[in-house]
Amino acid sequence: MKKYFQGCAVNKYVNITSVFTIYEKIFEDTYYFDGESHDFWEFVCVLDGSLGVTAGEDVCILERGQSVLHRPMEFHRLWSEKKTEPHICVISFAADAMPQIKEKQFQLTEEEYNTISGLMEKAGSIFHRDREILVKGVHSGKEAESQIFFNTFESFLLSVLTEKTPGMDAYVSVSADNYRSIVRTLEKHITEHLTQADIAGLCNMSPASLKKTFSKYAGIGIMTYFTQMKIRRAMELLKEGCGINETAEVLGFCDRNYFSTVFKRTTGESPANYLRKQQQQ
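Summarised in this report is the structure supplied together with it. Every value quoted in this text rests on a predicted model; they were computed, and no experiment measured them. (Residues numbered from 1 in each chain as written. Predicted model: local features only at pLDDT ≥ 70, side-chain atom pairs only at ≥ 80, totals over all residues. Heavy atoms only, no water.)

**As for the overall build of the chain**
Check the secondary structure of the chain and you find nine helices and eleven strands. Here the C-alpha atoms of the chain give a radius of gyration of 21 Å, agreeing with the 19 Å that 2.2 N^0.38 yields for 281 residues. In terms of overall dimensions, the chain has a C-alpha envelope of 75 × 55 × 40 Å along the principal axes. Counting all 281 residues of the chain, 46% fall into the buried class. Put simply, of all contacts in the chain between residues at least 6 apart along the chain, 73% involve residues at least 24 apart. Across the chain, the mean location of the 32 positive side-chain charges is 4 Å away from that of the 37 negative side-chain charges. (Helix = DSSP H or I, 4+ residues; strand = E, 2+ residues; numbered from the N terminus. Rg over C-alpha atoms; globule rule 2.2 N^0.38 Å. Buried < 20%, exposed > 50% of the residue type's maximum accessible area, 1.4 Å probe, protein only. Contact = heavy atoms within 4.5 Å. Lys, Arg positive; Asp, Glu negative; His and termini not counted. Charge placed at Lys NZ, Arg CZ, Asp CG, Glu CD.)

Set out below in structure tokens:
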């Protein structure tokens, strides 16, 4: 007599679907990266030295064994700190399952540090990479190793993201605090059409001080950052089901055509195409 069993579905807490970059770099002590945002996750770990990081409104200094996980469309910037030559590793990826995270910065245990170091040592023999950075494919005969690589990385992320350890302290300075205040002000007034003078007034800063502070931590102009912030919010609204006209109006754009132009310039695709992709998922 046959017995029938009903299996229990297992939902993955972390599920990586594609990878964009896997690399290590040692930067000069004068290095700085102007900053970027993109629609996939990026994990950055310091293997040695000190690294300054801007992540959204947060500013922190990472030391050996410390890491940061940038969410999709989060603006981030890197620079060398404390006259060191920071040695870092980066893995950027897309995922259709990731937990909600409160902390962005993490202190790795020695075991976790060894795990990520080991993955970076194996990457070159598993993946075909352009300039040893951009992942183009898997080397022939290394398909099983590539799966093991990502299974290990997913387990690593699960360990890091679910540990009940205290969050790392934010970088403390007057200018860093001012930067956080500026970003929070932009978030609070994201639906409004503001000029640089308006923002300076809201932040109780002179236009010159505003520009100097923002350039130090963001590396781009404040109006460019504000526009990118609006587009990141637009992507969220479209994903939640808002129409293009409604989204443009909510975020203070003068009309749909201008909103579409800015959206495409920022993301590389029109809001109509982005919306169509979301509806197909």
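Still to come is the rest of the account.
**A short note on the pattern of salt bridges**
All chains considered together, the criterion is met by ten salt bridges. Of the charged contacts in the structure, one is a salt bridge between Glu154 and Lys12, with a shortest N-O distance of 2.9 Å. Residue Glu154 is found in helix H2 (residues 143-162), and its partner Lys12 is found in the segment before strand E1 (15-26); the two are separated by 142 residues along the sequence. Here Glu154 falls in the buried class, since its relative accessible area comes to 7%. We classify Lys12 as partly exposed; its relative accessible area is 45%. With its nearest N and O atoms 2.6 Å apart, the salt bridge here joins Lys82 to Glu63. With Lys82 in the loop between strand E7 (76-80) and strand E8 (87-97) and Glu63 in the loop between strand E5 (58-62) and strand E6 (66-70), this pair connects stretches of sequence that are 19 residues apart. (Salt bridge = Lys/Arg side-chain N within 4 Å of Asp/Glu carboxyl O.)

**Regarding the sheet that holds E7**
Neighbouring strands of a sheet are bound in pairs by backbone hydrogen bonds; such pairs are parallel or else antiparallel. Across the sheet, four strands lie side by side as E2-E7-E4-E5; this open sheet has antiparallel pairing. Of all the strands in the sheet, the pair left with one neighbour each is strand E2 (32-36) and E5. Across the sheet, the mean angle separating the axes of adjacent strands is 15 degrees when strand polarity is ignored. Here strand E4 (residues 51-55) pairs with E5 via five bridges, running antiparallel. Residue pairing across strands places Leu51 opposite Leu62, the latter belonging to E5. (Pairing = 2+ DSSP bridges. Axes fitted to C-alpha atoms, helices over the stretch in contact; angles between N-to-C directions.)

**Notes on the layout of surface pockets**
In this structure, the largest pocket spans a volume of roughly 1100 Å³. Lining the largest pocket are 32 residues, and of these Asp39, Pro72, Met73, Glu236 and Lys239 sit closest to its centre. Of all the elements in the fold, those that place two or more residues in the lining of the largest pocket are E1, E8, helix H3 (174-188), helix H6 (222-239) and helix H9 (271-280). For the lining of the largest pocket, the residue count by class is 15 nonpolar, four polar and 13 charged. (1 Å grid on protein atoms, 1.4 Å probe; cavity = no way out; pocket = protein on both sides within 12 Å on 5 of 7 lines; lining within 4 Å. Points joined across faces, edges and corners; volume = space filled by probe spheres on them. Nonpolar A, V, L, I, M, F, W, Y, C, P; charged D, E, K, R; others polar.)

**Details of the pairing of E7**
Within E7, five of the five residues are buried, which leaves it mostly tucked inside the rest of the structure. Side-chain alternation along E7 places His76, Leu78 and Ser80 on one buried face and Arg77 and Trp79 on a second face that is also buried. Sheet topology places E2 next to E7; three bridges connect them, and they run antiparallel. Among the inter-strand pairings, Phe33 is bridged to a residue of E7, identified as Leu78. Bridge analysis of E4 against E7 gives five bridges, and the strand direction is antiparallel.

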